[in-house]
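These are the residues of each chain, in order.
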Amino acid sequence: MPIHHAVLALLTQRPNHGYELKARFEEAIGPQWGGLNIGHLYQILERLVRDGYVSRSQVTQTDRPDKNLYTLTEAGEAELRSWATTAWVRVGGFRDELFLKLLGASALGEQALTALIESQRQTYLSELAGLAQQRRTHAAEPLVAVLIDAAIAHTKADLGVLDSAAQHLGPLATAQGAQASDRSPSQVRHDTDEFGRRDGMRRDRTESA
């Protein structure tokens, strides 16, 4: 995640020290993103200083230890402008544990697939209820509201994925469930024992020859 660009964006308003940037980031982005680790933030600031996008100066305090103040440079503003005005392109693909769960449930049969889909549907509906509450709480914070709206849209799309899964994977799960029942654990043990018995008979004939 390009957190370093978000730091540059915050520094366009005024210079800040580390803990101020952490607080401002969390206030601007809101609860959907999560907290920003202060150690990670200082690593980002070190990189920005090294790259010439941010300058660092020390501020003397009489009653507290001196603190570092970070200021956006012209190079940093140019980097921010280049990044912020360029379209975002997805590079990681669509990886979600749900698809692996659908694989597992389909292999177990229709009943397992239905159980997963209904359980996941209730989870998404609960998430939507929580997001709606957050949306009301943060209605006066534009950027946070946009992020929550994105989460709501994403969750609604996920509900559509469940409908697609039920439609497309239902027949597959039914077929695989039937195959699994034909290959019950007792049948598998029987086949294994039979293979072992035949293998033993072949060894006995080889040794006697």
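This section reports on the structure supplied with the text. Treat the numbers as computed from the prediction; the structure is a model and nothing was measured.

### Re the environment of Glu26
- Residue position: Glu26 is located in helix H2 (residues 18–29).
- A sequence separation of 118 residues divides Glu26 from Val144, and the C-alpha atoms of the two residues are 9.8 Å apart.
- Residues in contact with Glu26, not counting those within four places in the same chain, are Gly35 and Leu36.
- In terms of polar contacts, Glu26 uses its side chain to reach the side chain of Lys22, at 2.7 Å.

### Observations concerning the packing of helix H5 (residues 97–108) against helix H6 (residues 110–137)
- In the contact formed by H5 and H6, the axes pass within 7 Å of each other and the chain directions differ by 150°. Relative to H6, H5 is oriented roughly antiparallel. Residues Leu98, Lys101, Leu102, Ala105, Ser106 and Leu108 of H5 form the contact with H6, whose own contacting residues are Ala112, Leu113, Leu116, Ile117, Gln120 and Tyr124.
- In terms of residue class, the contact of H5 with H6 is made up of nine nonpolar, two polar and one charged.

### Observations concerning the packing of helix H1 (residues 3–11) against helix H3 (residues 38–51)
- Running from N to C, H1 and H3 cross one another at 75°; their axes reach a closest spacing of 10 Å. Judged by the angle between their axes, H1 and H3 are roughly perpendicular. Two secondary-structure elements touch here, H1 through Ile3, His4, Val7 and Leu8 and H3 through Leu41, Ile44, Leu45, Arg47 and Leu48.
- Residue classes in the contact of H1 with H3 are distributed as seven nonpolar, one polar and one charged.

### Looking at the packing of aromatic side chains
- As enumerated under the stated definition, the model contains one aromatic pair in all.
- Ring centres 6.4 Å apart and planes at 70° place the aromatic pair Tyr19 and Tyr42 in the edge-to-face group. Highlighted residues: Tyr19 in helix H2 and Tyr42 in helix H3, separated in sequence by 23 residues.

### Considering the pattern of salt bridges
- Counting across every chain of the model gives eight salt bridges.
- Among the ionic pairs, Arg47 bridges to Asp51, the shortest N-O distance being 3.7 Å. Note that Arg47 and Asp51 are positioned in helix H3 at a spacing of four residues, about one turn of the helix.
- Assessed through its relative accessible area of 35%, Asp51 is described here as partly exposed.
- Among the salt bridges present, the one from Arg121 reaches Glu118, with a minimum N-O distance of 3.7 Å. Linking Arg121 with Glu118, this pair stays in helix H6, spanning three residues, or about one helical turn.

### Remarks on H3
- Look at H3: 20 Å from first C-alpha to last across 14 residues, which is about the 20 Å you get at 1.5 Å a residue.
- Those residues of H3 lying buried are Ile38, Leu41, Ile44, Leu45 and Leu48. Angularly, the buried residues of H3 cover 110° about the axis, an arc narrow enough to put them on a single face. Turned more than 90 degrees away from the buried face of H3, the exposed residues are Gln43 and Arg50.
- Taken together, the buried residues of H3 touch H1, H2, strand E1 (54–59) and strand E2 (67–72).
- Where H3 begins, the capping side chain belongs to Asn37, and its oxygen is found 2.9 Å from the backbone nitrogen of Gly39.

### A look at the nonpolar core
- Ranked by size, the top nonpolar core spans 18 residues in total, and within it Val7, Leu11, Leu21 and Leu41 carry the most contacts.
- Of all the secondary-structure elements, those providing two or more residues to this core are H1, H2, H3 and E2.
- If we ignore the near neighbours within four places in the chain, the residues touching Leu21 are Val7, Leu10, Leu11, Asn16, Leu41 and Leu45.
- If you look at the next biggest cluster of nonpolar residues, it comprises 17 residues, including Ile117, Val144, Ile148 and Ala165.

Rules and cut-offs
Residues numbered from 1 in each chain as written. Predicted model: local features only at pLDDT ≥ 70, side-chain atom pairs only at ≥ 80, totals over all residues. Heavy atoms only, no water. Helix = DSSP H or I, 4+ residues; strand = E, 2+ residues; numbered from the N terminus. Contact = heavy atoms within 4.5 Å. Polar contact = N/O pair within 3.5 Å; in protein donor to acceptor, adjacent residues only side chain to side chain. Axes fitted to C-alpha atoms, helices over the stretch in contact; angles between N-to-C directions. Parallel < 35°, antiparallel > 145°, perpendicular 65-115°, else oblique. Nonpolar A, V, L, I, M, F, W, Y, C, P; charged D, E, K, R; others polar. Phe/Tyr/Trp six-rings, centres within 6.5 Å; stacked < 30°, edge-to-face > 60°. Salt bridge = Lys/Arg side-chain N within 4 Å of Asp/Glu carboxyl O. Buried < 20%, exposed > 50% of the residue type's maximum accessible area, 1.4 Å probe, protein only. Expected span 1.5 Å × (residues − 1). Arc of directions from axis to C-beta. Core = buried A, V, L, I, M, F, W, Y, C linked by side-chain atoms within 4.5 Å.

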